[in-house]
Structure formats: structure tokens, C-alpha cells
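# Architecture at a glance
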Amino acid sequence: MDDGRVKTFRGFRVQHNNIRGPYKGGLRYHPRVDMDEAKALAFWMTMKCAIVDVPFGGGKGGIAVNPKELSEGELERLTREFARKLAPVIGPDKDVPAPDVNTNAKIMDWIREEYEAVTHTKAPAVVTGKSIEHGGSQGRSEATGAGGALALQSILKTLGRDPRGMTVAIQGFGNVGSHLARYLKKMGCVIVALSDSKGGLYIPRGIADLDAVEACKEKSGRIAGCYCVGSVCDLSNMESLGGKDIQPEDTLTLPVDIIVPAALENAITKENAGKIQASIVLEMANGPTTPEADEILAQNGATVIPDVLANSGGVAVSYFEWLQNKRDEPWTEERVFGALQEKMEAATTIVAETSAAHKCTLRDAAYLVALERISKA
Ligand code: NAD
């Protein structure tokens, strides 16, 4: 630590399945990280890679730490040490980590550097989600949000519904939630509520300026209170906008058309599932709905667009980054988004068709598609 003390942290890496290709999955820095969480997340990665049809298996890992309590130097030393410990078990054709909750391009760059130093190789494809200067892909940071918007658009089409004017509440305003919000707004949806771990805001007539809210969150460290008119964001604007502050857990039970859990697992449980008023649940987080809650949502007629489909745009673009690194061939942003659109449309179509053919939920259909592909690999 900066003050000279030595502190020990626990890190994890789970390799679930590599039948279709190298293990693939993010690294999370969060106090709740443990072996059970990493195992569940690795399993979902195996399913997701098969559904979006990229030649990867499933892995996941992370460190049990609150990175917000570390200085930049402490975070770097912790990451580099973790990378040295991981080096024997990861590699471009073995296991390829990526960012997840509280990890980002800078952290991936450190891991690449450390891996290359330990193995004496040039291996940009050992991790994805790197910065562009260090071998990252155009569009990677927006990819998961962009993919979620494409999945929603396709499913709404099958339901004969128009996204324009549909109201949306998003829980979690990090990488995934913030990009998704912008894509949904572009599609004509009205974003009425946003929250982070500390709280949130609800403006029934719609949050007009997402950039101002994001800048306000960056400045104040929280989204609650970011009632913005132009560049002026403060609580005194709240009443004029007809808004109110909300608790993070209230985001999902607001009277809206679409809810988006985009934070952590187990956000929708048997305790709150019955209170959900939205008819569409777009699962951008991994594992946001418990099995009991899933049944309640199905009984109540909600359409759940499952995590393994909805957030698979991230790993699709990770695959494009890995390909670009392997071929030493950078792609333009246009090419990346074109390829992402193709992947998301193909995945959504096969899942929707399987759901119709088997008269089952989109989640069960997604698993059917994944298991079929894995069994044939
Ligand atoms: P992030 O760290 O950038 O953001 C997480 C956000 O969730 C933060 O705004 C945090 O304040 C908020 N949050 C935490 N607990 C909350 C709570 N109880 N209520 C409301 N908000 C809360 O992480 P991210 O990369 O955006 O990942 C979010 C989810 O999406 C995770 O489940 C992750 O596994 C999943 N995911 C991420 C990617 C990716 O490309 N980053 C890809 C697929 C899936």
C-alpha cells in the first residue's frame, strides 16, 4: 500500500468450458467477488459465446476488493501482481480476460503489458477491452450497450411494438447502463429513471440531457441530485422537472414500459418481482433475475430478454478485437458496428424462433440454442 503496509487480496479465475474456443470472460473488482460468483458468471459466458456465435468458451474472475478505496498506484500494483499470477493460465489461445464491473481499458493494458513481460512474447490478444493505443478495438466500450439496444429492437419487432415513446428505467449507470441509455434514446425511447449504487433520479417526462447527467455524476460521484437543465444540474431543478430522488432498488418497480437491470446479480428477486410494472425486462447485467423471480415475471406476462442474449454484444466486439490483434489488422468503427449488428440480429432471430417453436421463454430458448451449438462443437 502507499503507506508501506502490506495488504493481501484474494483473486479468482474460473475456466468453465473451452469446447468452442479459448475461455473468455471478464475480470471484476468488487468486494462481493468470490468463487461462487465467478463460477456462475463463467457458466453464463459459455452460454453467451455460443448464443452470439463467437469461437470462445466461458471464463470469469476478479479480485475481492473495493477499488474505490485504492489509490491509482495501489490499483496498478494489485493488477500487475494479479496478472503475474494469472500469466501461466491465460493466453491468446487459452483464456482471454476482459473488463467487467470496476475494471476498464487501463487495467486491461496493464495486464497485457505484464503478461508480455512474463512470457517474453508480443501478445495483444491476451486480453480484450484494451485502450485503442494498446491494441483495443473501436467501439468496444459502447459494444455491450449498443448490442442491448439492437436485441431490444429486434424483440420489440417480433412483438409488434414501436420503441418510440416507450418509457425506460435503468438500474446501474456504469459502462453498460450509460451507453445503453444513449442508444435507447436514439431509438426514440424516453429514459425516465437512472440509478447507481448510491441512489437515483426519476423524471417522468424524461431525462433530456444524458451528457449533462453523466458530467454531473462524474463531478459529484453520484447520480442522485443530477437534475439538469442545460449544464445546470442541481436539486432545485427537481421540482420544475417534476422529478424525485429514488433509492437504487426502487428503479425497477417504477411505472414504466421497460426496465433495465444493468448493475449486479440478483436485483430482481421473489420479493420485488411481483411489484414490477414494466412489460419488458432487458437484462443487461449478468444474472440480475433469480429463478423464483423469473417464474413470477413469466406468470405476469412480462417479456424477459435474457442476459446471455441482451449483453452479448460486449463479447462479440471482444471477439472482433481478438481477431484484429491476431491478424494485426485494425477495423474501422463502421466495420465493427456493422459486424456487431449482424451478430446481434442473427442471435436474436434464432432465439426468438426457438422460443416460438418450443413455446418457451426467451431464456429457455437461448439456452436451447447454446446447448445445441456446444454439443455439436
Ligand atoms: P460498471 O462498474 O461500469 O457499472 C456498474 C454500475 O452499477 C455503477 O454505476 C454502480 O454504481 C451501479 N450499481 C452497483 N450496485 C447497484 C445497485 N444496487 N443499484 C443501482 N446501481 C448499482 O460495470 P459495467 O461494466 O457497466 O457492468 C454492469 C453489469 O453488466 C454487470 O453485471 C456486468 O457483468 C455486465 N456486463 C458488462 C459487460 C461489459 O462489457 N462491461 C458485458 C456484459 C455484461
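Preceding this paragraph is the structure being described.
Predicted model, so just to flag it, every value in this text is computed and none were measured.

## Focus: the state of the cysteines
Considering all chains together, one arrives at two disulfides under this definition. Put simply, Cys216 and Cys226 are joined by a disulfide, and their sulfur atoms are 2.1 Å apart. On the sign convention where negative is left-handed, the bridge of Cys216 and Cys226, at about -85° about the S-S bond, is left-handed. Taken as a pair, Cys216 in helix α6 (residues 210-220) and Cys226 in the loop between α6 and β8 (228-229) lie far apart in primary sequence, ten residues in all. Considered together, Cys216 and Cys226 belong to a single accessibility category, that of buried residues. Counting only the cysteines that take part in disulfides, in the order they occur along the chain, gives the pairing 1-2, 3-4.

## Section: the packing of helix α1 (residues 35-51) against helix α12 (residues 362-376)
Across the interface, α1 lies against α12 with an axial gap of 8 Å and an inter-helix angle of 85°. When the axes of α1 and α12 are compared, the pair comes out roughly perpendicular. Between α1 and α12, the residues in contact are Phe43, Trp44, Thr46, Met47, Ala50 and Ile51 and Ala366, Tyr367, Ala370, Leu371, Arg373 and Ile374, respectively.

## Things to note about the sheet that holds strand β11 (residues 258-261)
Sheet strands pair via backbone hydrogen bonds, and the direction of the pair is either parallel or antiparallel. Across the sheet, which stays open at both edges, the seven strands sit in the order β10-β7-β6-β5-β11-β12-β13 with mixed pairing between neighbours. Two strands lie at the open edges of the sheet, namely β10 (244-246) and β13 (303-305), each paired on one side alone. Neighbour-to-neighbour, the strand axes of the sheet open up by a mean angle of 20°, direction not taken into account. Pairing analysis gives four bridges linking strand β6 (residues 190-196) to strand β7 (residues 199-202), with the strands arranged antiparallel. Opposite Leu194, over in β7, you have Leu201 as the bridge partner. In the packing of helix α4 (residues 140-159) onto the sheet, contacts are made with β11, β12 (280-282) and β13, and the angle to β12 comes to roughly 155°.

## What to know about the site of the ligand
Near the ligand you find 22 residues, and of these Asp100, Thr144, Asn175, Val176 and Asn286 are the closest. Ala263 places a main-chain nitrogen or oxygen 2.9 Å from an oxygen atom of the ligand. When the ligand sits alone it has 830 Å² of accessible area, and the protein chains cover 85% of it. The set of elements that each furnish at least two residues to the shell around the ligand consists of α4, α5 (175-186) and β6. A breakdown of the residues in the shell around the ligand according to their chemical character gives eight nonpolar, ten polar and four charged.

## So, the packing of aromatic side chains
Going through the model one piece at a time under the given rule, you end up with six aromatic pairs. Ring centres of Phe43 and Tyr367 lie 6.0 Å apart, and the angle between their planes is 40°; this geometry places the pair in the tilted category. In this pair, Phe43 is assigned in helix α1 and Tyr367 in helix α12, connecting sequence segments 324 residues apart. Considering the side-chain rings of Tyr319 and Phe320, the 6.0 Å spacing of their centres and the 50° angle between planes classify their relative orientation as tilted. Taken together, Phe56, Tyr319, Phe320, Trp322 and Trp331 form an aromatic cluster joined through their ring pairs. The ring of Trp331 carries Arg335 above its face, with NZ or CZ at 4.1 Å from the centroid.

Calculation notes
Within each chain, residue numbers correspond to sequence positions counted from 1 in written order. At least 70 in pLDDT is required for a residue's local features to be given in this predicted model, at least 80 for side-chain atom pairs to be given and counted, and no such filter applies to totals for whole chains, interfaces and linings, which use all residues. Working from all heavy atoms in the structure, the side-chain values ignore hydrogens and water. What counts as a disulfide here is a pair of cysteine sulfur atoms lying within 2.5 Å. By the criteria applied, helices consist of DSSP H or I runs no shorter than four residues and strands consist of E runs no shorter than two, each listed in order from the N terminus. Exposure is judged per residue with a 1.4 Å probe applied to protein chains only, and the accessible area is read against the type maximum: over 50% gives exposed, under 20% gives buried, and values in between give partly exposed. Helix axes use the C-alpha atoms of the stretch in contact, all axes being lines fitted to C-alpha atoms, and the angles between their N-to-C directions lie in the range 0 to 180 degrees. Orientation categories follow fixed angle ranges, with anything under 35 degrees roughly parallel, anything over 145 roughly antiparallel, 65 to 115 roughly perpendicular, and all other angles oblique. Working rule for contacts: check all heavy atoms of both residues, and any pair within 4.5 Å makes them a contact. Strands were regarded as paired on the criterion that DSSP finds at least two bridges between them. For this description, a residue counts as near a given molecule or strand if any of its non-hydrogen atoms is within 4 Å of it. Whenever two N or O atoms come within 3.5 Å, that pair is a polar contact, provided that in protein one can donate a hydrogen and the other can accept it, and provided that, for residues adjacent in sequence, both atoms are side-chain atoms. In short, Shrake-Rupley with a 1.4 Å probe defines the accessible areas, and a residue's cover is counted only from the protein chains shown. Each residue is assigned to one class: nonpolar for Ala, Val, Leu, Ile, Met, Phe, Trp, Tyr, Cys and Pro, charged for Asp, Glu, Lys and Arg, and polar for all the others, Gly among them. To pair, rings of Phe, Tyr and Trp, with the six-membered ring standing in for Trp, must have centres within 6.5 Å; the planes then decide the type, stacked if under 30 degrees apart, edge-to-face if over 60, and tilted in the middle. Both a distance and an angle decide whether a charge sits over a ring: NZ of Lys or CZ of Arg must be within 6 Å of the ring centre and within 35 degrees of the ring normal.

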